[in-house]
Amino acid sequence: MKGVTEIWGHRGASAYAPECTLPAFELALEQGADGLEFDVQLTRDDQVVVIHDETLERTTDGTGWVADHSLADLRALDASAGMAGFAGTGIPTLDEVLELAGGVTLNIELKNSRMRYKGLEERVLQIVADHGVGDRVVLSSFNHYSLRHLMQLGAPYPLGALYSDPLFQPWKYARRLGVTCLHPPLRATRRKLVENCHALGMRVHVWTVNDVPDLERMAGLGVDAVITNNPDVARSVVG
Ligand code: G3P
Ligand code: MG
């Protein structure tokens, strides 16, 4: 029986398959993930692709900025990041990931802090609506202006404020921002934070929780989701 804490595959089951690729998402689902977390960006021709870095070098055999390439350019790349057995795996579109992931939570992270990607919010909302997956979507970003923009567009989905460094009373900030989910880093997630968020009706989705002691601690705090590179390990802990 599943516990109260959901397990979301961080960039898929990225401990075992190339991050943000279809094999990583498929594996996360096989491992019993309740959700998938992944990052989206815009191509030069305004297509929404799923990739973490703003540049291509670390995870593909391409070079330069994602934003400077057309979808066709990006399609030609190998995104296996050198992982054995995955040669030829490509960069997926948001459409493809939404088609694959029936039934689970979809945490779409708008990766728009370094690059503003004008129009990304509108494109994401349209694609989510086209696929009819709105009841399973959580939209998040480190760019809180982007979250405000989503609100102004009337996004009817839970919005999550991501942050990296510990903040003072982030639940108060998140409430003022107007979001219903806080996405804190593991090192900033304490009992007081979870209790205060829950008291305000706010969900807590923690990243990135990979090790057994941390998974046990987060589940013990009753966080609403752990975002993890190894959903199989998380499943063995959370139950
Ligand atoms: O959404 C949680 C986590 O993915 C945020 O950091 O850099 O892995 O996208 P990053
Ligand atoms: Mg992310």
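Here, the structure is the one placed above.
First, a word on what this report is: a plain description of the structure on this page. Please read these numbers as outputs of a predicted model, since none were measured by experiment. All chains use their own residue numbering, which begins from 1 and follows the written sequence. Each chain takes a letter, starting from A, and each ligand takes a number, starting from 1, following the order in which they are written. Only residues with pLDDT of at least 70 are given local features in this predicted model, and only at 80 or more are side-chain atom pairs given and counted; all residues enter the totals for whole chains, interfaces and linings. Computation of side-chain values: all heavy atoms of the structure, hydrogens and water removed.

**Notes on the pairing of strand S5 (residues 137-141)**
Line of reasoning, step 1. With five of five residues buried, S5 lies mostly within the body of the structure.
Line of reasoning, step 2. Only protein chains enter the accessibility calculation, which uses a 1.4 Å probe. A residue is then buried if its area is under 20% of the maximum for its type, exposed if over 50%, and partly exposed in between. Secondary structure is summarised from DSSP: a helix means a run of H or I of at least four residues, a strand means a run of E of at least two, and numbering begins at the N terminus for each. Burial along S5 is two-sided: Val 137, Leu 139 and Ser 141 facing one way and Val 138 and Ser 140 facing the other are all buried.
Line of reasoning, step 3. Only strands joined by at least two bridges in the DSSP assignment are considered to pair. Of the pairings in the sheet, the one linking strand S4 (residues 105-110) to S5 comprises four bridges and is parallel in character. Each residue of the ladder has a partner; that of Glu 109, found in S5, is Ser 140.
Line of reasoning, step 4. After leaving S4, the chain enters helix H4 (residues 120-131) and then returns to the sheet as S5, a path that is right-handed.
Line of reasoning, step 5. Bridge count for S5 against strand S6 (residues 159-162) is three bridges, and the pairing is parallel. Considered in S6, the bridge of Leu 139 is made with Leu 159. Consider the strands pointing away from the viewer: the crossover is right-handed when the path from the first strand over the helix to the second runs clockwise.

**Examining the pattern of salt bridges**
Opposite charge on two side chains permits them to pair, given that their charged atoms come into close proximity.
Line of reasoning, step 1. The salt bridge definition used is simple: a Lys or Arg side-chain nitrogen within 4 Å of an Asp or Glu carboxyl oxygen. Considering all chains together, one arrives at 13 salt bridges under this definition.
Line of reasoning, step 2. Across the pair Lys 111 and Asp 39 runs a salt bridge, and its minimum N-O distance is 3.6 Å. Note that Lys 111 is positioned in the loop between S4 and H4 and Asp 39 in strand S2 (residues 35-42), a separation of 72 residues in sequence.
Line of reasoning, step 3. Arg 217 serves as the salt-bridge partner of Asp 214, at 3.4 Å between the closest nitrogen and oxygen. With a gap of three residues between them, Asp 214 and Arg 217 both fall in helix H8 (residues 212-221), about one helical turn apart.
Line of reasoning, step 4. You can call Arg 217 partly exposed: its relative accessible area is 38%.
Line of reasoning, step 5. Salt bridges sharing partners connect three or more residues here, namely Arg 11, Glu 19, Asp 53 and Arg 58.

Geometry only, nothing functional implied.
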